[in-house]
Amino acid sequence: MALFPIVRRNYLPSLFVNFAASVAVSLSAASAGVAWVWWWLGFVTLASLLRIIVHVWTGGRAPSEDGSEAEARRQILIAGLGMLVGAAGWAVLGWLLLAFPDPLVRYSTSIILAGMAAGAIGVLALFALIGPLYISILMVPGCVRLMAFGQGEAVTAVIGLVGLIFTVVMIVAHRGNRLLLMQSVQLGQRNTELMAQVLDANQTLENKVRERTETLKHQASHDLLTGLLNRRGLSDLFSLAAEGHCQGYVYFLDLNRFKRINDTLGHEAGDYVLREVAARLVVRLPPDAMVGRWGGDELVILIPAANEADRIDSQLVALFAAPFVFYGQTLDVSASIGVARCPENGTGLEELIRAADLAAAQAKRQGSVVPICYDPSLAAALERRERIADDIRSGLDEHQFWLAFQPIVGAATGELRAFEALIRWAHPTLGHLSPDEFISIAEESNQIGALGAWVLDRACEAAALWHRSGIRAAVAVNCSVRQLVQPDFIEIVRTTLARHGLAASWLHLEVTESVFMPASDAQMLEVLNQLDAIGICLAVDDFGTGYSSLARLRDFPIRQIKIDRSFIADIDGKSRSVIEGAVLIARRFDLQIVAEGVETPKQAQALLALGIDAFQGYLIGRPVEPPQPVVNCPWISMAKAG
Ligand code: C2E
Ligand code: MG
Ligand code: MG
């Protein structure tokens, strides 16, 4: 196939040479009086024209293009046969002219025939058979004619013989030339193949480099675990989306209690939760939403459309409502979600995420499952919280905290039973701060351990003091769940009691209903059992406002419940039945029941009638320092009078 272009390239020049030689011979023969030579020239001209027409006609269909090798062979054969026909014409001419008496005609004809045969060595080098045949047809008849009929001239016969020898030499030279040409064609072909291989390898390398670059680019902008965008990916997409104008919403999702899942069930469970949340987000959110992982358990969603917020909110709530099941175990997965609006709450991504993060923190404090929108007052609130968190340590060092004590008395007799220690903080610049505000901040900033230990120490110290002065009352200390799960909590309690020489039975620890949350079950039960074993009275504070279950009340070593003051304030309303229920439960489980926030004698009388054991509230005594043993029990005299 590679030979085909060479054949085509040589074809027209060789035709032209052939025709020119024909004209030259014809002219020389005609000048010697050979008239029929014009017929011969006419035949050659016709044959040449015919060959040109065939050549041009087949020229448009190069076989390398249509892929047909047979077609190429056919065309090469046609070209070769055309040459042979031409050679036959020359042989006839040679046969006739070489016997002509005029030596000029004989010699010129011999020279032209020899020249053409010599030319065939190169031009027909590609034709293995046609080449030698062409040379032979061109030369042999003429040589034989010269030798046999050479007018008896020895020179002519010798020229004929030399012509034959020359023919053999030319055939051998043709063969050598052909081999050389074939080798160079093969080399060329191999070169082309090699080039193709090099190009191919180059292409493969280029593809690999391109693929690798794409992978690296993807890795640089995506999170490996979830497949979501990472910080960089989010920032890049945000910059693109917000180019020129910024409109839409930024959602910040902070998974609740994620650390607990990791700590209790292992990182595999944590990974499962992150992957599952990511997959649900991708499926549920609109296609133009950009979802990314901002940090460990924090996810960010960018919604470019301005009018979809309500739908997104409900999708997010539904997403977490569906159960998360890990190896058959249903996990408690929820998120605190904050939303910031662009451009109202900011135009830069960091700024918007900070706003949405603040709103998410607010959602976490409120325990909201519904996304909360950012409000500028949140920033001020956060600043205050950060300031308070920063000042707790120095507040302890500089004795800014103190304890107020509020009496708890027997409902029927009015006898003093205990004082509840309530922490107070005289902040140098923010003024008097409520424990409702700073206790949660101390919990969040991991300072509740230090603060709680300080309260316990001062409360036990005060109780030991009033015991020495003859007041037989216990001290009730509030205790947050975070303190209870501290590994050294039991030890702290023991050493504090020992330091002040206070018997454990004089210490009450008030815990909220959050100790009953299923997630903290085993560990909490263990701690509470140990405290109970020491002899400490455990009370459930703010009873009725949080998570309570009868089974937990039965299984946990609780000795007292304190009904939240919101129910006491509403004793004439629906809360009455809640109080009645609580009294029933307390009787059933043999628990002491205390009413908090008793403010009026009427409330006290009603509570007494319902069977409450003890009262605490402004009616009996406000929280003061030092503790006041003189208490106010007007309902008793009223009952006696009644
Ligand atoms: P609590 O343990 O339920 O404490 C009772 C709260 O009710 C106290 O508020 C007390 O001043 C208030 N109170 C008592 N009687 C009445 C009444 O008749 N009417 C009204 N309206 N309120 C009354 P306080 O001192 O602001 O404490 C609030 C909460 O802060 C406490 O609720 C307790 O949960 C927490 N807390 C206080 N001190 C500590 C502490 O040392 N450690 C921990 N972890 N929490 C503390
Ligand atoms: Mg309390
Ligand atoms: Mg309470």
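None of these values were measured; they are calculated from a predicted model.

Caption draft 1: A look at the coordination of the magnesium ion (ligand 3). For the magnesium ion (ligand 3), the protein coordination sphere consists of Asp541 (OD), Asp542 (OD), Glu596 (OE) and Glu596 (OE), at 1.9 to 2.5 Å. Between consecutive donors of the magnesium ion (ligand 3), the numbers of intervening residues give the motif D-D-x53-E. On the basis of relative accessible area, Asp542 is assigned to the partly exposed category, the value being 25%.

Caption draft 2: Representation of the site of ligand 1 within the structure. In the vicinity of ligand 1 there are 22 residues, among which Gln406, Asp541, Arg565, Glu599 and Tyr618 approach most closely. Between ligand 1 and Glu420 there is a distance of 2.8 Å, counted from an oxygen atom to a side-chain nitrogen or oxygen. For ligand 1, whose unbound accessible area comes to 790 Å², protein coverage reaches 86%. Here the shell around ligand 1 gets four residues from one element, more than from any other, and that element is strand 9 (residues 416-427). Taken together, the residues that form the shell around ligand 1 break down as eight nonpolar, five polar and nine charged.

Caption draft 3: Seen up close, the environment of Ser314. With respect to the helices, strands and loops of the structure, Ser314 is situated in helix 11 (residues 309-321). Ser314 gets classed as partly exposed once you look at its relative accessible area, which sits at 43%. For the pair Ser314 and Val370, spaced 56 residues apart in sequence, the C-alpha separation works out to 8.0 Å.

Caption draft 4: Fine view of the packing of helix 12 (residues 349-366) against helix 13 (residues 376-397). Taken N-terminus to C-terminus, the directions of helix 12 and helix 13 make an angle of 70°; their axes are 10 Å apart at the nearest point. Taken together, the axes of helix 12 and helix 13 lie roughly perpendicular to each other. The segment helix 12 lies against helix 13, with Arg354, Leu358, Ala359, Gln362 and Arg365 engaging Leu378, Ala379, Leu382 and Arg385. Across the contact of helix 12 with helix 13, the residue classes tally to five nonpolar, one polar and three charged.

Caption draft 5: Geometry of the coordination of the magnesium ion (ligand 2). Coordination sphere of the magnesium ion (ligand 2), protein contribution only: Glu420 (OE), Asn478 (OD1), Glu510 (OE) and Asp541 (OD), at 2.0 to 2.1 Å. Written as a sequence motif, the donor arrangement for the magnesium ion (ligand 2) is E-x57-N-x31-E-x30-D.

Caption draft 6: Structural context of the packing of aromatic side chains. As enumerated under the stated definition, the model contains 12 aromatic pairs in all. Measuring from centroid to centroid gives 6.3 Å for Phe401 and Trp454, while their planes differ by 55°, and the two rings are tilted. Of this pair, Phe401 sits in strand 8 (residues 401-410) while Trp454 sits in helix 15 (residues 448-468); the two residues are 53 residues apart in sequence, bridging distant segments of the chain. Assessed through its relative accessible area of 5%, Phe401 is described here as buried. The class of Trp454 is buried, set by a relative accessible area of 15%. In this structure, Arg622 packs its charged tip against the face of Tyr618, placed 3.8 Å from the ring centre.

Caption draft 7: Geometry of the sheet that holds strand 7 (residues 372-373). Spatial strand order, 2-3-1-6-7: five strands in an open sheet with mixed pairing. Edge positions in the open sheet fall to strand 2 (290-293) and strand 7, since each of these has one partner strand only. Alignment of strand 6 (residues 335-342) against strand 7, held across two bridges, turns out to be parallel. Residue pairing across strands places Gly338 opposite Ile372, the latter belonging to strand 7. Helix 10 (residues 267-284) contacts strand 1 (248-255), strand 2 and strand 3 (298-303) of the sheet and is inclined by roughly 155° relative to strand 1.

Caption draft 8: Quick look at the pattern of salt bridges. Within this structure, the stated rule accounts for 20 salt bridges. Salt-bridge contacts for Lys364 lead to Asp254; the nearest nitrogen and oxygen are separated by 3.3 Å. Taken together, the residues Lys364 in helix 12 and Asp254 in strand 1 connect sequence positions 110 residues apart. On the accessibility criterion, Asp254 (16% relative accessible area) is buried. Across the salt bridge formed by Glu415 and Arg417, the nearest N and O atoms sit 3.0 Å from each other. Linked by salt bridges that have partners in common, Glu420, Glu510, Lys562 and Glu596 make up one network.

Caption draft 9: Representation of the domain arrangement of the chain within the structure. When its domains are assigned, the chain resolves into domain 1 (4-195), domain 2 (231-376) and domain 3 (388-641). Each of domain 1 and domain 2 has a C-alpha centre, and these two points are 88 Å apart.

Caption draft 10: Just the nonpolar core, in detail. Residues Val475, Leu484, Leu507, Leu509, Leu531, Ile579 and Phe615 are the most contacted members of the largest nonpolar core, which totals 79 residues. Of the residues forming this core, the biggest block, 10 residues, is contributed by helix 15. If sequence neighbours within four positions are ignored, Leu509 has contacts with Leu456, Val477, Cys479, Phe489, Leu531, Ile536, Cys537, Leu538 and Ala539.

Caption draft 11: Examining the packing of helix 21 (residues 575-588) against helix 22 (residues 601-610) more closely. Interaxial distance between helix 21 and helix 22 falls to 10 Å at its minimum, and their mutual angle equals 40°. Considered as vectors, helix 21 and helix 22 are oriented oblique to each other. Helix-helix and strand crossings are classified by hand; for helix 21 and helix 22 the assignment is right-handed. Of helix 22, the residues touching helix 21 (which contributes Arg576, Ile579, Glu580 and Val583) are Ala606, Leu607 and Leu610. Looking at the contact of helix 21 with helix 22, its residues break down into five nonpolar, no polar and two charged.

The rules we used
Residues numbered from 1 in each chain as written. Chains lettered and ligands numbered in written order. Predicted model: local features only at pLDDT ≥ 70, side-chain atom pairs only at ≥ 80, totals over all residues. Heavy atoms only, no water. Donors = N, O, S within 2.8 Å, 3.2 Å for Na, K, Ca; no water. Buried < 20%, exposed > 50% of the residue type's maximum accessible area, 1.4 Å probe, protein only. Near = heavy atom within 4 Å. Polar contact = N/O pair within 3.5 Å; in protein donor to acceptor, adjacent residues only side chain to side chain. Areas by Shrake-Rupley, 256 points an atom, 1.4 Å probe, with all protein chains shown as cover. Helix = DSSP H or I, 4+ residues; strand = E, 2+ residues; numbered from the N terminus. Nonpolar A, V, L, I, M, F, W, Y, C, P; charged D, E, K, R; others polar. Axes fitted to C-alpha atoms, helices over the stretch in contact; angles between N-to-C directions. Parallel < 35°, antiparallel > 145°, perpendicular 65-115°, else oblique. Contact = heavy atoms within 4.5 Å. Phe/Tyr/Trp six-rings, centres within 6.5 Å; stacked < 30°, edge-to-face > 60°. Lys NZ or Arg CZ within 6 Å of the ring centre and 35° of its normal. Pairing = 2+ DSSP bridges. Salt bridge = Lys/Arg side-chain N within 4 Å of Asp/Glu carboxyl O. Domains from an automatic or database assignment. Core = buried A, V, L, I, M, F, W, Y, C linked by side-chain atoms within 4.5 Å. Left-handed = near helix turned anticlockwise from the far one by under 90°.

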